[in-house]
Amino acid sequence: MTEHSTPDAGGTAPDRFPDEVVARLEQDAKELISRYPKERSALLPLLHLVQAEEGHVSRAGMRFCADQLGITLAEVNAVATFYTMYRRRPGGDYQVGVCTNTLCAVMGGDEIFATLKEHLGVGNAETTEDGRVTLEHVECNAACDFAPVVMVNWEFFDNQTPESATQLVDDLRLGKDVAPTRGPSSLCTWKQASRVLAGFDDGRGGEGVQAAAPSLAGLKLARQRGWTAPDPANLPAPNQGEEEAK
Amino acid sequence: MTTLTPILSEHWDRPDSFTLDGYRATGGYAALRKALAMEPDAIVDAVKQSGLRGRGGAGFPTGMKWGFLPPDNPNPRYLVVNADESEPGTCKDIPLMLANPHALVEGVAIASYAIKSSQAFIYVRGEVVHVIRRLRRAVAEAYDAGLLGTNILGTGFDLDVVVHAGAGAYICGEETALLDSLEGYRGQPRLKPPFPAVAGLYASPTVVNNVESIASVPSIVANGAEWFTSMGTEKSAGFGFFSLSGHVSNPGQYEAPLGVTLRELLDMAGGVRPGHRLKFWTPGGSSTPIFTDEHLDTPLDFESVGAAGSMLGTRALQIFDETTCVVRAVGRWIAFYAHESCGKCTPCREGNFWMVQVLDRLENGQGTEEDLDKLLDICDNLLGRSFCALGDGATSPVTSSIKYFRQEYIDHVEKGGCPFDHSRATLWGDRPTSTTTERGGNQ
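All of these numbers come straight from a predicted model, not from anything done at the bench.

Basis of the calculations
- Residues numbered from 1 in each chain as written.
- Chains lettered and ligands numbered in written order.
- Predicted model: local features only at pLDDT ≥ 70, side-chain atom pairs only at ≥ 80, totals over all residues.
- Helix = DSSP H or I, 4+ residues; strand = E, 2+ residues; numbered from the N terminus.
- Rg over C-alpha atoms; globule rule 2.2 N^0.38 Å.
- Buried ≥ 20, exposed ≤ 12 C-beta atoms within 10 Å, placed from the backbone.
- Contact = placed C-beta atoms within 7 Å.
- Pairing = 2+ DSSP bridges.
- Axes fitted to C-alpha atoms, helices over the stretch in contact; angles between N-to-C directions.
- Parallel < 35°, antiparallel > 145°, perpendicular 65-115°, else oblique.
- Left-handed = near helix turned anticlockwise from the far one by under 90°.
- Nonpolar A, V, L, I, M, F, W, Y, C, P; charged D, E, K, R; others polar.
- Domains from an automatic or database assignment.
- Core = buried A, V, L, I, M, F, W, Y, C linked by C-beta atoms within 7 Å.

Considerations on the overall build of chain A
No. 1: Assigned secondary structure in chain A consists of 9 helices and 5 strands.
No. 2: Secondary structure elements in chain A, listed N-terminal to C-terminal, are α-α-α-α-β-α-β-β-β-β-α-α-α-α.
No. 3: For chain A, whose C-alpha radius of gyration is 23 Å, the value lies well above the compact-globule estimate of 18 Å for 246 residues.
No. 4: Principal axes of the C-alpha set define a box for chain A whose edges measure 85 × 50 × 30 Å.
No. 5: Burial analysis of chain A (246 residues in total) assigns 51% to the buried set.
No. 6: Expressed as a percentage of contacts within chain A between residues at least 6 apart in sequence, the contacts between residues at least 24 apart total 64%.

So, in structure tokens, the structure goes:
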């Protein structure tokens, strides 16, 4: 188990990216900033960008953002520390997030989280010694009809059990190919996912299913029973109740 | 009897439903062509006449929101789509954007034209990477096909659309916090007025609408306001997603006219899981007061749910059966609100913090009956006392659960612990041996 400290607080981490990194990222930063009417709007994307570079948002990363936008390090720090998706310290290649909000917790998310903690020998927001997996519990991820839900690098792993989640983290640690239930045909790393979040397409939007069973539950039933929306060319007479009353 | 009305979800069983070709093959972008031949104000009028009310929870009339933009303000106008779906229990916009992103893109184009905006943003929560890929892919396809960008369909209308990823903050689903976040700041709510229509993004006139609201606009333009009002009730017109989750046989998305009841929906979804009975449920996410089996026949429209003491919210129907401990459920929700409170307003920041402490000790059997009065007192000091509705929402599960399940709290006190076996509530809790068989399937 790796106990997280705040490496940048000790003053050992570099204050700035090396020149070649700055030169490369500046091109990306210009592209992101150009998408917005006001450049500061690019701050969240820029923070995702520096996270894609290092796996977390370091002091050097924040300095880069500040320099690109002409704002202070304190202004960047205030934003970076507000949003939970920015890691403030290094983590694993795969962030395994177990939903423990009420619905998922009740459906078994608590058992999954407890099982993974014990299996991996780590606590919340801690990383396995091999640097592969960071475990954490997450809040509702808008997939309640697939509960209990586990997210890996913010891709959906639906309808999990303690056994399936254990298998999942074992596969991740062994470097086996793992595919989300609803997502691309294979998982990308944390850094690659961060680059997508920054706003750079990885060309994988066409991969994976369009919908899974619960998303189609109502449609399937409607097809079975012949239910459709009203036909706009043949609407029922309006105010039928009133007519009848007359 | 109410029947389902698949509209936005009508073609989700096509494997190519998320592509431009798939969307066009089922009539997609015909509404945009029709809209661009209309006067912008005529579209605003049509949406007003449809009675479409915001599908993000608050239910404010969409067309009226559009009509609030001041005509004489010289600043650019913006359309911002709130795709920050994060309310516990709410799970409709994410599958919509995954399966049918072009319905949203077409809606964005029509709405922007109607409000005379040439710049739109879709603010998506960051924790859904593949949804962001899908949306960006759809936007890129639309640009390539001349459906976005300059001189759209040769009409002279220009529109740029940016898909913007958030970074993990429930509060950014609140529209003014979202705007601050989109401007590159901490997502903290603004004092209203001024409302975004007057001073929104970059202090310019701005419309903020939910994904489902905007995605519903093409169908209204294509089929007319009368078609829309032929569904739903007089004051809650049209259709919407009802998202069933939890202890139900077939959880998922059910697109139905507003006014459908939980009894009807549960019947469609195969009922509460076999051998169990309904205990409590949320009509519209964790911020809406819970209901019980007394409310099975309450029409799920804005007025009826309100009259019964809750809110329609996002139609996020989280179903809990008798194996669920209500104290545990509420405690977990309040831990969420405490975590997500942005800290700007003292009642919300402090109130939620202290409610977590009280609910923890109650759940662990270390509380007292007076703790219930303490909780209600905190709620009294929280409700209506902050800039936004996050703190208000937090009081909903607390006050409603004490109203319906006071004795269950007292049982925890008297027993000195939780009387429930939590393992019985799990997805695999009813299975005799193996725990690895799947439910529902995912492919």
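Digging into the pairing of strand 1 (residues 94-99) of chain A
Residue and element names in this part refer to chain A.
No. 1: The element strand 1 is extensively covered by neighbouring structure, given that 6 of its 6 residues are classed as buried.
No. 2: By the alternation rule, side chains of strand 1 split into Tyr94, Val96 and Val98 and Gln95, Gly97 and Cys99, which are all buried.
No. 3: The pairing of strand 1 with strand 3 (residues 133-138) spans 6 bridges and is classified as parallel. Bridged to Cys99 within strand 3 is Val138.
No. 4: Sheet analysis places strand 1 next to strand 4 (residues 150-152), joined by 3 bridges and oriented antiparallel. Across the sheet, the residue bridging to Val96 is Val152, located in strand 4.

Focus: the packing of helix 5 (residues 102-120) of chain A against helix 6 (residues 162-174) of chain A
Residue and element names in this part refer to chain A.
No. 1: Their axes nearest at 9 Å, the elements helix 5 and helix 6 cross at an angle of 40°. Taken as axis vectors, helix 5 and helix 6 run oblique relative to one another. Here helix 5 runs over helix 6; the crossing is right-handed. Listed contacts from helix 6 to Glu111, Ile112, Thr115, Leu116, His119 and Leu120 of helix 5 are Pro162, Ala165, Thr166 and Val169.
No. 2: Considered class by class, the residues forming the contact of helix 5 with helix 6 number 6 nonpolar, 3 polar and 1 charged.

Points about the domain arrangement of chain B
Frequently, the measure chosen for interface size is the accessible area removed from exposure when the parts meet.
Residue and element names in this part refer to chain B.
No. 1: We note that the domain assignment places domain 1 (20-229), domain 2 (239-321) and domain 3 (326-425) within chain B.
No. 2: For domain 2 and domain 3, the distance between their C-alpha centroids amounts to 22 Å.
No. 3: Between domain 2 and domain 3, the residue contacts involve 8 residues of the former and 10 residues of the latter.

Concerning the sheet that holds strand 4 of chain A
Residues and elements named next belong to chain A.
No. 1: Spatial ordering of the open sheet is given by 2-3-1-4-5, a layout of 5 strands whose pairing is mixed. Each of the sheet's edge strands pairs with one partner strand only, and the pair in question is strand 2 (126-127) and strand 5 (155-157).
No. 2: Where strand 4 meets strand 5, 3 bridges bridge the pair, whose relative direction is antiparallel. Bridge pairing in strand 5 places Met151 opposite Phe156.
No. 3: Relative to the sheet, helix 6 contacts strand 1, strand 3, strand 4 and strand 5, its axis offset from that of strand 3 by approximately 145°.

Focus on the domain arrangement of chain A
No. 1: When cut into domains, chain A gives domain 1 (11-80) and domain 2 (94-189).
No. 2: Centre-to-centre separation of domain 1 of chain A and domain 2 of chain A, based on C-alpha positions: 29 Å.

Notes on the sheet that holds strand 2 (residues 119-124) of chain B
All names here are of chain B.
No. 1: Pairing in this open sheet of 4 strands is parallel, and the strands run 3-2-1-4 from one edge to the other. Edge strands, defined here as strands with exactly one partner in the open sheet, are strand 3 (160-165) and strand 4 (206-210). When strand polarity is set aside, the average angle formed by the axes of neighbouring strands in this sheet is 20°.
No. 2: Where strand 1 (residues 78-83) meets strand 4, 5 bridges bridge the pair, whose relative direction is parallel. Across the sheet, residue Leu79 finds its bridge partner in strand 4, namely Val207.
No. 3: Its contacts with the sheet place helix 6 (residues 101-115) against strand 1, strand 2, strand 3 and strand 4, and it is angled at close to 150° to strand 1.

Concerning the environment of B:Asp411
No. 1: Locating B:Asp411 in the fold gives a position in helix 16 (residues 390-415).
No. 2: Here the alpha-carbon distance between B:Asp411 and B:Leu362, two residues 49 residues apart in the chain, equals 9.7 Å.

A few points about the nonpolar core
No. 1: If you look at the biggest cluster of nonpolar residues, it comprises 213 residues, and the most contacted ones within it are B:Val80, B:Val81, B:Val108, B:Ile110 and B:Ile334.
No. 2: Those residues in contact with B:Ile110 that sit more than four places away from it in its chain are B:Ala31, B:Leu32, B:Ala35, B:Ile43, B:Val217, B:Pro218 and B:Val221.

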